[in-house]
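Residues per chain, in single letters:
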Protein chains: 2
Amino acid sequence: MKKITIGVLSKQSGVSADTLRYYERLGLIKPLRSASGYRHYGSDALRILCFIRGAKALHFTLQEIGDLLFLDASDKTTCAAVLKKTATKIREAEEKIEELHEIKKLLEKLTKACPGDETSAEACPILDHLCHGPSHKHAEHA
Amino acid sequence: MKKITIGVLSKQSGVSADTLRYYERLGLIKPLRSASGYRHYGSDALRILCFIRGAKALHFTLQEIGDLLFLDASDKTTCAAVLKKTATKIREAEEKIEELHEIKKLLEKLTKACPGDETSAEACPILDHLCHGPSHKHAEHA
DNA sequence: CTAAACCATAGAGTATACTCTAAGGTCAAG
DNA sequence: CTTGACCTTAGAGTATACTCTATGGTTTAG
């Protein structure tokens, strides 16, 4: 199989050489070395980088991607393990969506309550909310 | 007005002394100093910390909170400026929600396609997707 | 053979929001 | 006056995912 250097792989993959070395430190990719110490990547390198890109797009961390790659390489890999990690990611996504929805709703409510004109912000409902918060409706005005 | 030390404010606010000093470095809060150099916080300190907490909950960064606090303190503050920053936050929240929805949908689709049993993951559609990606449906199998 | 282009390493810098450590000064009680 | 609690500063460490710098070795074209 053809062996390529880090610069070539970098160009082919669009992943910087620095990042390739970083991925190697994290154990995501393990190139062979030439006699002089140069990294030599095999044909699986592009496939691995593709895998990493896909997983990153789904908000897997590099740590998690490392786990998945290890699963992928292992003989004892089970789909169940992958499914479990995926389920966790779905839950995380749902929680974040929920949180962001709450934030969006609140910001929109505040926006509607705001005159939005050039008057002073001293009585701005947005700043007011940020100060007093949604938890304690009526704090003393200090 | 009563002046309190950093330890007292920390206990009253639930914000660590380290964090209070950090906020000061960022210019969010500016206590006076005693002759010996001790920080002395006025009655507005708790109000400011409350403001920071509220804004953080709405995903404003400390930098953005600093801007808002400056607006709040300024005579020329306009509600319009606050409204503009809030609108930006709403857009950001919407974008993140959209992205997470895509991710969630994809993960769920992959989960449904996965047998989820104890068989080998060599043909797992999830790993397969991560490798080949949603963009190029049929890459060479390396 | 030399110069350019490429590769290697270790370690620091980026961004965000803290958190902790070390070394030392201040304050209140007994 | 000493002890302990509290305060000060500068700077390093944490987490994530890179990115850059410095210094020096390798490879390839002319």
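Residues numbered from 1 in each chain as written. Chains lettered and ligands numbered in written order. Predicted model: local features only at pLDDT ≥ 70, side-chain atom pairs only at ≥ 80, totals over all residues. Heavy atoms only, no water.

1. Comments concerning the protein's contact with DNA strand D
Part 1 of the argument: In the neighbourhood of DNA strand D, 17 residues make up the surrounding shell, with Tyr22, Ser36 and Tyr38 of chain A together with Gly7 and Arg39 of chain B lying closest.
Part 2 of the argument: When the atoms of DNA strand D within 4 Å of the protein are sorted by group, sugar and phosphate make up 71%.
Part 3 of the argument: The side chain of arginine 21 of chain B places a nitrogen or oxygen atom 3.1 Å from a phosphate oxygen of DNA strand D.
Part 4 of the argument: Here a phosphate oxygen of DNA strand D sits 2.7 Å away from a polar atom, N or O, in the side chain of arginine 39 of chain B.
Part 5 of the argument: Tallying contributions element by element places helix H2 (residues 17-25) of chain A first for the surface near DNA strand D, with four residues.
Part 6 of the argument: Its residues placed into classes, the surface near DNA strand D shows six nonpolar, six polar and five charged. (Near = heavy atom within 4 Å. Polar contact = N/O pair within 3.5 Å; in protein donor to acceptor, adjacent residues only side chain to side chain. Helix = DSSP H or I, 4+ residues; strand = E, 2+ residues; numbered from the N terminus. Nonpolar A, V, L, I, M, F, W, Y, C, P; charged D, E, K, R; others polar.)

2. With respect to the protein's contact with DNA strand C
Part 1 of the argument: Residues in contact with DNA strand C amount to 17 residues; listed here are only the nearest, Thr5, Gly7 and Arg39 of chain A together with Tyr22 and Tyr38 of chain B.
Part 2 of the argument: Expressed as a percentage, the sugar and phosphate content of the atoms of DNA strand C within 4 Å of the protein is 73%.
Part 3 of the argument: Here a phosphate oxygen of DNA strand C and a backbone polar atom of arginine 39 of chain A are 2.6 Å apart.
Part 4 of the argument: For the surface near DNA strand C, the element with the most residues is helix H2 (residues 17-25) of chain B, which contributes four residues.

3. Thoughts on the side chain of serine 10 of chain B
Part 1 of the argument: The topology assignment puts serine 10 of chain B in helix H1 (residues 6-13).
Part 2 of the argument: Each residue touching serine 10 of chain B, except ones within four places of it in the same chain, is listed here: Val15, Ser16, Ala17 and Leu20 of chain B. (Contact = heavy atoms within 4.5 Å.)

4. Points about the pattern of salt bridges
A side chain of one charge can pair with a side chain of the opposite charge when the charged atoms of the two come close.
Part 1 of the argument: Counting across every chain of the model gives 18 salt bridges over all chains.
Part 2 of the argument: Here glutamate 24 of chain A makes a salt bridge to arginine 39 of chain A, at a shortest N to O gap of 2.4 Å. Separated by 15 residues along the polypeptide, glutamate 24 of chain A in helix H2 and arginine 39 of chain A in strand S2 (residues 39-40) bring together distant segments of the chain.
Part 3 of the argument: Measuring nitrogen to oxygen at the nearest pair gives 3.6 Å for the salt bridge that ties lysine 105 of chain B to glutamate 102 of chain B. Residue lysine 105 of chain B and its partner glutamate 102 of chain B are both found in helix H5 (residues 79-113); the two are separated by three residues, about one turn of the helix.
Part 4 of the argument: Connected through salt bridges with shared partners, the residues Glu24, Arg33 and Arg39 of chain A form a single ionic network. (Salt bridge = Lys/Arg side-chain N within 4 Å of Asp/Glu carboxyl O.)

5. Side note on the packing of helix H5 (residues 79-113) of chain A against H5 of chain B
Part 1 of the argument: With their axes 8 Å apart at the nearest point, H5 of chain A and H5 of chain B run at an angle of 155 degrees to one another. For the element pair H5 of chain A / H5 of chain B, the angle class is roughly antiparallel. Considering the relative orientation of H5 of chain A and H5 of chain B, their crossing is left-handed.
Part 2 of the argument: Tallied by class, the residues present in the contact of H5 of chain A with H5 of chain B amount to twelve nonpolar, six polar and ten charged. (Axes fitted to C-alpha atoms, helices over the stretch in contact; angles between N-to-C directions. Parallel < 35°, antiparallel > 145°, perpendicular 65-115°, else oblique. Left-handed = near helix turned anticlockwise from the far one by under 90°.)

6. So, the packing of aromatic side chains
Part 1 of the argument: Taken as a whole and judged by the stated rule, the model has two aromatic pairs over all chains.
Part 2 of the argument: We note lysine 89 of chain A situated over the ring of phenylalanine 60 of chain A; from NZ or CZ to the ring centre the distance is 5.5 Å. (Phe/Tyr/Trp six-rings, centres within 6.5 Å; stacked < 30°, edge-to-face > 60°. Lys NZ or Arg CZ within 6 Å of the ring centre and 35° of its normal.)

7. Let's talk about the environment of alanine 17 of chain A
Residues and elements named next belong to chain A.
Part 1 of the argument: By the element assignment, alanine 17 lies in helix H2.
Part 2 of the argument: Between the alpha carbons of alanine 17 and threonine 5 there is a distance of 9.7 Å; along the sequence they are twelve residues apart.
Part 3 of the argument: Excluding anything up to four places from it in sequence, alanine 17 contacts Ile6 and Ser10.

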